[in-house]
Amino acid sequence: MSANNTLHIAVLGGDGIGPEVMAPALEVLRKIEATTELKFRFTDAPAGANNYRETGKSMPESTVRLCDEADAILLGACGLPSVRYPDNTEIMPQVELRFHFDLYAGVRPARLIPGVPSPIVGADARGIDLIVIRESTEGLFASMGKGVVTDSEARETLVITRKTSERLFEFSFRLAERRKARGKPGQLTCVDKANVFKAFAFFREMFDEAAKRHPEVKADRLYVDACSALLVKRPWDFDVMVMENMFGDILSDMTAGLIGGMGMAPSADIGDRHAVFQPCHGTAPDIMGQGKANPTAMILSTAMMLDWLADKHGIEGAAEAGERIERAVDKVYADGIKPMEFGGSNGTADIAKAVIEAL
Ligand code: ATP
């Protein structure tokens, strides 16, 4: 934070609909600035498939430096199916940032906003308000780019370390405690496959040790297959869930589906010092440039950023500002806005305008 209490935010719009959803999110923060004591300085930086096409790099050194120095990082979405590395994988600076800054806790909230349709029968009445915490630096993704493929077989190695798992569980129990303090259940479920793989038995053992240090949080354990079935039958029974990277990759997309779609699901990748806030969705090339993208997930990601800044740096008023953004979004949906994403007629501009007005 600079001397005059201005929060410096690195802004990586990225590719596809990334910049389209970033613009309204910054407008929302400008509105917050106009109505609170909070002050922001936004610095744009290139990253993603377009940058790779132009320069041969997913992002320049200057972007990494900016991310290091900034108080927080906002990211739209990066990568395009048509732009690939020679080994045919997509350009993913968002994943590189996770490894570079050791952003081990991928926080993926799924809250069903009243007025938004869910495919789950009974969800309107029961509500859905859960968080998937996806370990984001190891697990099966530790093998990224290192897999071995021969003519007859392919191998990828999953890695679970004590160092990362212990930090991940501390983070998760703390988050459950903070939710409990806000009137939510404060329950944490470890999701694994400890009945089949030694690595997951090790993961669960460390979870059990952490649970002993946090007796006020109700600690649960579920196998990932059973958990998936429960999530689509009774998602309202879940509060905070913590899991390995690949399981979290899959289940967090599923929980985004439970609350109306990718355009509704915000996320944060959090480490001990740095954090990136971005929507769960990708660059959605099928709708880019048409004004159809739902900016809600990106806007809710700015609310998560404010909450993190409040918790991490004790920035006064930031947590309240985050809650105000969430309430404004809730109001807009209660008033009947319906994004094109789920069959309505409201595009990016309508939704952005409505949220700013509600603020
Ligand atoms: P990635 O691999 O980067 O996650 P993807 O193509 O698998 O990318 P998305 O880019 O998230 O996934 O898109 C999946 C589908 O969801 C697409 O049909 C897209 O149009 C839709 N979608 C994603 N985000 C939004 C949004 N914000 N508003 C409207 N539709 C969206």
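This is a predicted model, so every value here is computed, not measured.

Here we come to helix α9 (residues 245-258). With 14 residues, α9 extends 20 Å from end C-alpha to end C-alpha; this agrees with the ideal 20 Å at 1.5 Å per step. Within α9, the full set of buried residues consists of Asn245, Phe247, Gly248, Leu251, Ser252, Thr255, Ala256 and Leu258. On an axial view of α9, the arc spanned by its buried residues comes to 155 degrees, and they lie on one face. Residues of α9 that are buried in the fold lie against β4 (105-111), β5 (129-135), β8 (187-192), α7 (198-213), α8 (224-233) and β10 (240-243). Regarding α9, its N-cap is Glu244, as a side-chain oxygen of that residue lies 3.0 Å from the backbone nitrogen of Met246 further along. Residue Gly260 follows α9 closely and has a positive phi angle near 115 degrees.

Right, let's talk about the pairing of β5 for a bit. With respect to burial, β5 is a largely interior element, six of its seven residues being buried. Pairing of β4 with β5 involves seven bridges; the strand directions are antiparallel. Each residue of the ladder has a partner; that of Gly106, found in β5, is Arg134. Across four bridges, the pairing between β5 and β10 is parallel. Note on β10: the bridge partner recorded for Val132 is Met241.

This next bit is on the packing of aromatic side chains. Under the defined criterion, the tally for this structure stands at nine aromatic pairs. Joined through ring pairs, the aromatic side chains of Phe169, Phe173, Phe197, Phe200, Phe203, Phe207 and Phe247 make up one cluster. The residue whose ring lies beneath Arg134 is Phe141, and the NZ or CZ to ring-centre distance is 5.0 Å.

A positive phi angle is found at Asn88, which is not glycine, with a value near 80 degrees. In this structure, Ala284 takes a positive phi of about 40 degrees despite not being glycine. Looking at the secondary structure, you find Ala284 in the loop between β12 (275-279) and α10 (296-313). Taking the relative accessible area as the measure of exposure, Ala284 reaches 23% and is therefore partly exposed.

Let us now look at the environment of Glu209. Locating Glu209 in the fold gives a position in helix α7. For the pair Glu209 and His281, spaced 72 residues apart in the sequence, the C-alpha separation amounts to 34 Å. Sequence-distant contacts of Glu209, that is, excluding residues within four places in its chain, are made with Arg162 and Glu166. Of note is the side chain of Glu209, whose polar atom sits 3.5 Å from the side chain of Arg162.

Moving on: the site of the ligand. All residues adjacent to the ligand are Ile17, Met262, Gly263, His281, Gly282, Thr283, Ala284, Asp286, Ile287, Ala293, Asn294 and Glu341. Between an oxygen atom of the ligand and a main-chain N or O atom of Thr283, the distance comes to 3.4 Å. Residue Ala284 places a main-chain N or O atom 2.9 Å away from an oxygen atom belonging to the ligand. Here the residues of the shell around the ligand sort into five nonpolar, five polar and two charged.

With that settled, consider the domain arrangement of the protein. Assigned domains within the protein: domain 1 (1-113 + 262-359) and domain 2 (118-129 + 141-259). In this structure, domain 1 and domain 2 have C-alpha centres spaced 23 Å apart. Taken together, the contact pairs 18 residues of domain 1 with 21 residues of domain 2. Together, the buried faces of domain 1 and domain 2 total about 1,900 Å²; carbon and sulfur atoms form 62% of this surface. The largest per-residue losses of area from domain 1 upon contact with domain 2 belong to Tyr104, Ala110 and Leu112, which jointly make up 33% of the total buried on that side. The interface formed by domain 1 and domain 2 contains six salt bridges.

All right, on to the side chain of Arg108 then. Considering the arrangement of structural elements, one finds Arg108 in strand β4. Residue Arg108 is classed as buried on the basis of its relative accessible area of 5%. A distance of 3.4 Å separates a polar side-chain atom of Arg108 from the backbone oxygen of Ala268.

The strand order across the open sheet built from 10 strands is β2-β1-β3-β12-β11-β4-β5-β10-β8-β9, with neighbouring strands paired in mixed fashion. Here the strands that pair on one side only, and so sit at the sheet edges, are β2 (39-44) and β9 (218-223). Averaged over all pairs of adjacent strands, the angle between strand axes in this sheet comes to 25 degrees, irrespective of strand direction. In the sheet, β8 pairs with β10 via four bridges, with the strands oriented parallel. Its bridge partner being in β10, Thr189 is matched across the sheet by Met241.

Definitions and limits used
The residue numbering used here restarts from 1 in each chain and proceeds along that chain's sequence as written. Given that this is a predicted model, residues contribute local features only at a pLDDT of at least 70 and side-chain atom pairs are listed and counted only at 80 or more, while totals for whole chains, interfaces and linings are drawn from all residues. Hydrogens are left out, water is left out, and the side-chain values use all remaining heavy atoms of the structure. Each helix corresponds to a stretch of at least 4 residues labelled H or I by DSSP, and each strand to a stretch of at least 2 residues labelled E; elements are numbered beginning at the N terminus. Given the number of residues in a helix, its expected span is that number minus one, multiplied by 1.5 Å. Only protein chains enter the accessibility calculation, which uses a 1.4 Å probe. A residue is then buried if its area is under 20% of the maximum for its type, exposed if over 50%, and partly exposed in between. Read the arc as the range of directions from the helix axis to the C-beta atoms. What makes two residues a contact is simply this: any of their non-hydrogen atoms within 4.5 Å. What qualifies as a polar contact is a pair of N or O atoms within 3.5 Å, subject to a donor-acceptor requirement within protein and to the restriction that residues adjacent in sequence count only when both atoms come from side chains. One requirement defines pairing of two strands: DSSP has to find at least two bridges between them. Think of it this way: a Phe, Tyr or Trp ring, Trp meaning its six-membered ring, pairs with another when their centres are within 6.5 Å, and the plane angle makes it stacked under 30 degrees, edge-to-face over 60, tilted otherwise. By definition, being over a ring means that NZ of Lys or CZ of Arg is both within 6 Å of the ring centre and within 35 degrees of the ring normal. For this purpose, a residue is taken to be near a molecule or strand whenever a single non-hydrogen atom of the residue falls within 4 Å of it. Charged residues are taken to be Asp, Glu, Lys and Arg, nonpolar residues to be Ala, Val, Leu, Ile, Met, Phe, Trp, Tyr, Cys and Pro, and polar residues to be all remaining types, Gly included. Those domain boundaries reflect an automatic or database domain assignment. Once two parts are joined, some of their accessible surface, as seen by a 1.4 Å probe, is lost; buried area is that loss totalled over both. Salt bridges are counted wherever a side-chain nitrogen of Lys or Arg sits within 4 Å of a carboxyl oxygen of Asp or Glu. For helices, the fitted line uses only the C-alpha atoms of the stretch in contact; every axis is such a line through C-alpha atoms, and the angle between N-to-C directions lies from 0 to 180 degrees.

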